[in-house]
Amino acid sequence: MSLPNLAPIPELYVSHESAQKLKIEAGNLVSWDLTPRQICDLELLMNGGFNPLKGFLSEEDYNCVVEDMRLADGSLWPMPITLDVSEKFAEGIAPGTDIALRDQEGVILAILSVTDKWVPNKAREAEKVFGADDLAHPAVNYLHNVAGPVYLGGPITGIQQPVHYDFKARRDTPNELRAYFRKLGWQKIVAFQTRNPLHRAHQELTFRAAREAQANLLIHPVVGMTKPGDVDHFTRVRCYEAVLDKYPQSTTTMSLLNLAMRMAGPREAVWHGLIRRNHGVTHFIVGRDHAGPGKNSAGKDFYGPYDAQELFKKYEEEIGVVMVDFKHMVYVQEKAQYYPANEVPEGCTVLDISGTELRRRLREGLDIPEWFSFPEVVTELRRTSPPRAKQGFTVFFTGLSGSGKSTIANALMVKLMEMGGRPVTLLDGDVVRKHLSSELGFSKEHRDINIKRIGYVASEITKNGGIAICAPIAPYTATRRAVREMIEAYGAFVEVHVATSIEECEARDRKGLYKLAREGKIKEFTGISDPYEEPATPELRVDTAGVDVDHCAHQVILKLESMGLIKA
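What counts, and at which threshold
- Residues numbered from 1 in each chain as written.
- Predicted model: local features only at pLDDT ≥ 70, side-chain atom pairs only at ≥ 80, totals over all residues.
- Heavy atoms only, no water.
- Pairing = 2+ DSSP bridges.
- Helix = DSSP H or I, 4+ residues; strand = E, 2+ residues; numbered from the N terminus.
- Axes fitted to C-alpha atoms, helices over the stretch in contact; angles between N-to-C directions.
- Contact = heavy atoms within 4.5 Å.
- Phe/Tyr/Trp six-rings, centres within 6.5 Å; stacked < 30°, edge-to-face > 60°.
- Buried < 20%, exposed > 50% of the residue type's maximum accessible area, 1.4 Å probe, protein only.
- Lys NZ or Arg CZ within 6 Å of the ring centre and 35° of its normal.
- Core = buried A, V, L, I, M, F, W, Y, C linked by side-chain atoms within 4.5 Å.
- Expected span 1.5 Å × (residues − 1).
- Salt bridge = Lys/Arg side-chain N within 4 Å of Asp/Glu carboxyl O.
- UniProt positions renumbered as here; feature names shortened; annotations may be inferred.

A.B. asks: Just to check I follow, could you spell out the sheet that holds strand E17 (residues 424–428) for this structure?
C.D. replies: Strands sit in the order E17-E18-E16-E19-E20 across an open sheet of five strands; the sheet is parallel. Edge positions in the sheet fall to E17 and strand E20 (540–542), since each has one partner strand and no second. Adjacent strand axes in the sheet meet at a mean angle of 15 degrees, parallel and antiparallel pairs treated alike. Bridge analysis of strand E19 (residues 492–498) against E20 gives three bridges, and the strand direction is parallel. Among the inter-strand pairings, valine 496 is bridged to a residue of E20, identified as leucine 540. Along the sheet, helix H14 (residues 405–419) makes contact with strand E16 (393–398), E17, strand E18 (467–471), E19 and E20, crossing E18 at roughly 165 degrees.

Shown next as structure tokens:
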């Protein structure tokens, strides 16, 4: 392969002097507050990480990317990079409008000159980009339930890059990395993409990849948005820094990539390759089930184990980066070292610990052997993932009005307070309505806002080691999932469906609400004029008909014990 072209690549920033003037002018423009994912995308647009893109995709480019993995001019590009906005915001925007793009603190980062506005076919986007319109895929769920319904496209004028207060010395733009490689005279650079902590097997495979390619090594972990439930990036970077000492300093470096992953498997692998080319890399390690999101709704993997490698290989020349196969490394007990799984000497004992097993050992405080991971990494993981019995968690009751949610929640709170050890907070639906959501009505939009507020408070309680008990009606599947993802970033989410029938709920309705709803005097009443979407797979399902409250609360206690969240 020819030597890497390490000349600077185009950035979308204006000069410092122009930026100061534009900032003042942009203050008078209509502005859009960017979501965390949009901030990640904007940063890589502006610094050249998404070269050749000059902004958010036009409708024509978007359609070509979705259908054929190419921009309208024929350039290879597999991922739609779009600015999704609300219908309300889009109403006031027409092509030819300039918009100020702000971060979540209100700082103006860029100006978007809108050329296109359209309502995409999201089901088609899901099918083509992610392989299935299946909400079990985190990016498909984001597409349908989080992203705005209208897309805006057009070129970007960059004013300033997003501010990062963490790990500043580890964050490099594509041109900063290219300059670093030029300075050191590195001719070949193999990049390793990761969103997980590094263990000994990863170290072995990166050593081998660099040696086989006769290349220097760039450890290039993603610190933007990854998959819900992943280890937070602060912990991961501390783990990476602990492992970096194990690599030769003269041939290895590490840089952080603020990328919002889509977990799109094969397309994502091609996308990662193009991004790494922009960072000056010549080789790229592509793993088995690279950037796969796990299981689909039928319990099968979204992508085949080698689909990503095959698609990358197909476009390797166009990407301009050589693929290095990820070797599945296993520990051979008799040899006391790692081997590729297909090179294990006959008759030898293979030891391996899966990601699921690692999480179980962390959760239960069990030993993690030194042959699997470095003590420094295990120490960091234990700091942020203590045994489950010491973590915060949320119990989330959902069910119809009058099903008994609040009564069981109160009983559970008392039982947990009797046990002691962690603070317990009850976020009852009526109490939350009074103190957090008094201005909200009962439309779907307002119900969603109310439940997400409860989820946010519960996630903060969980993050800080407490127990949150929530008892709203929470009728919508998508909103409950959003709350689950919020909370599972910090601890366990235990969904309890109080499955009392509507007939039983009506029979015990002391306030006469069901009667008023049937008479049309209460609009949008769950179970009558508004749907209740039953949880398909809650952690626990209880029915309060003919069963006393103490028994129901005890069922929840038994479930929490079986999950290791409390000890009897």
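A.B. asks: It is not clear to me how the packing of aromatic side chains should be interpreted in this structure. Could you clarify?
C.D. replies: We describe a pair of aromatic rings using the distance from one ring centre to the other and the angle between the two ring planes. Considering all chains together, one arrives at 18 aromatic pairs under this definition. Both rings, one in tryptophan 371 and one in phenylalanine 372, keep their centres 6.1 Å apart while their planes meet at 85 degrees; by these two values the pair is edge-to-face. Considering the side-chain rings of tyrosine 514 and phenylalanine 525, the 4.9 Å spacing of their centres and the 80 degrees angle between planes classify their relative orientation as edge-to-face. Within this pair, whereas tyrosine 514 is found in helix H19 (residues 513–518), its partner phenylalanine 525 is found in the loop between H19 and E20, the two being separated by 11 residues in sequence. The class for tyrosine 514 is buried, based on a relative accessible area of 2%. Positioned above the aromatic ring of tyrosine 476 is the side chain of lysine 444, whose terminal nitrogen or guanidinium carbon lies 4.4 Å from the ring centre.

A.B. asks: Looking at this structure, I do not really get the nonpolar core. What am I missing?
C.D. replies: The tendency in soluble globular proteins is for nonpolar side chains to be buried side by side. Core analysis: the largest hydrophobic core is formed by 74 residues, its most contacted members being Phe50, Trp77, Leu101 and Ile156. Listed in part, the 35 residues of the second largest apolar core include Phe192, Leu205, Ile285 and Phe374.

A.B. asks: I keep staring at helix H16 (residues 444–463) and nothing clicks. Help me out?
C.D. replies: Residues separated by three or four positions in an α-helix point in the same direction, a consequence of the helix having 3.6 residues per turn. Taking 1.5 Å as the rise per residue, H16 with 20 residues should run 28 Å; its terminal C-alpha atoms sit 28 Å apart, in good agreement. Listed as buried for H16 are Arg447, Asp448, Asn450, Ile451, Ile454, Gly455, Ala458, Ser459, Ile461 and Thr462. In this structure, the buried residues of H16 make contact with E16, E17, helix H15 (429–435), E18 and helix H17 (477–488).

A.B. asks: So what exactly am I meant to see when it comes to the sheet that holds strand E14 (residues 337–340) here?
C.D. replies: Each strand in a sheet pairs with its neighbour through backbone hydrogen bonds, running either in the same direction (parallel) or in the opposite one (antiparallel). Strand order in the open sheet formed by three strands is E14-E13-E15, with antiparallel pairing between adjacent strands. One side of each edge strand has no neighbouring strand; the edge strands of this open sheet are E14 and strand E15 (350–351). As judged from the four bridges shared by strand E13 (residues 329–332) and E14, these two strands associate in the antiparallel manner. Across the sheet, residue tyrosine 331 finds its bridge partner in E14, namely tyrosine 338. On top of the sheet, helix H8 (residues 200–213) reaches E13 and E14; it is set at about 60 degrees to E14, its chief contact.

A.B. asks: Mind showing me how you'd approach unusual backbone geometry here?
C.D. replies: Peptide bonds are, in most cases, trans, and in most cases residues other than glycine have a negative phi. Following asparagine 51, the chain continues into proline 52 via a peptide bond in cis, with omega recorded as 15 degrees. In this fold, proline 52 is placed in the loop between helix H2 (36–46) and strand E2 (55–56). Unusually for a residue other than glycine, phenylalanine 167 sits at a positive phi of about 50 degrees. Structurally, phenylalanine 167 can be placed in the loop between strand E7 (150–158) and helix H7 (174–184). Of note in the backbone geometry, aspartate 289 takes a positive phi value of approximately 45 degrees without being a glycine. In this structure aspartate 289 comes out as partly exposed when scored by relative accessible area, which is 25%.

A.B. asks: Explain the environment of arginine 208 here, please?
C.D. replies: Inspection of the secondary structure assignment puts arginine 208 in helix H8. Considering only alpha carbons, one finds arginine 208 and proline 340, 132 residues apart in sequence, at a separation of 9.8 Å. Beyond its immediate stretch of four places on either side in the chain, arginine 208 contacts Met329, Tyr338, Pro340 and Glu343.

A.B. asks: What is the right way to read the pairing of E19 from this model?
C.D. replies: A regular strand places its side chains on the two faces of the sheet in alternate fashion. In terms of burial, E19 is largely enclosed, as seven of its seven residues are buried. Residues Ala492, Val494, Val496 and Val498 point to one face of E19 and Phe493, Glu495 and His497 to the other, with burial holding for every one of them. Pairing geometry for E16 and E19, over six bridges, is parallel. Bridge pairing links threonine 398 to histidine 497 in E19.

A.B. asks: I'm lost on the pattern of salt bridges in this one. Help?
C.D. replies: Side-chain pairs of opposite charge can arise where the charged atoms are in close proximity. Going through the model one piece at a time under the given rule, you end up with 24 salt bridges. Arginine 361 is paired through a salt bridge with glutamate 357; the nearest N and O atoms lie 2.8 Å apart. Here arginine 361 and its partner glutamate 357 are both found in helix H12 (residues 355–364), four residues apart, which amounts to about one turn of the helix. Connected through salt bridges with shared partners, the residues Arg480, Arg484, Glu488, Glu495 and Glu539 form a single ionic network.

A.B. asks: Would you mind showing me how to read the UniProt feature "domain: Sulphate adenylyltransferase catalytic" (unreviewed entry) in the chain here?
C.D. replies: The feature "domain: Sulphate adenylyltransferase catalytic" (unreviewed entry), as annotated in UniProt, sits at residues 171–383 in this numbering. For residues 171–383, the end-to-end C-alpha separation is 24 Å, with 38% helix and 14% strand making up the annotated structure.

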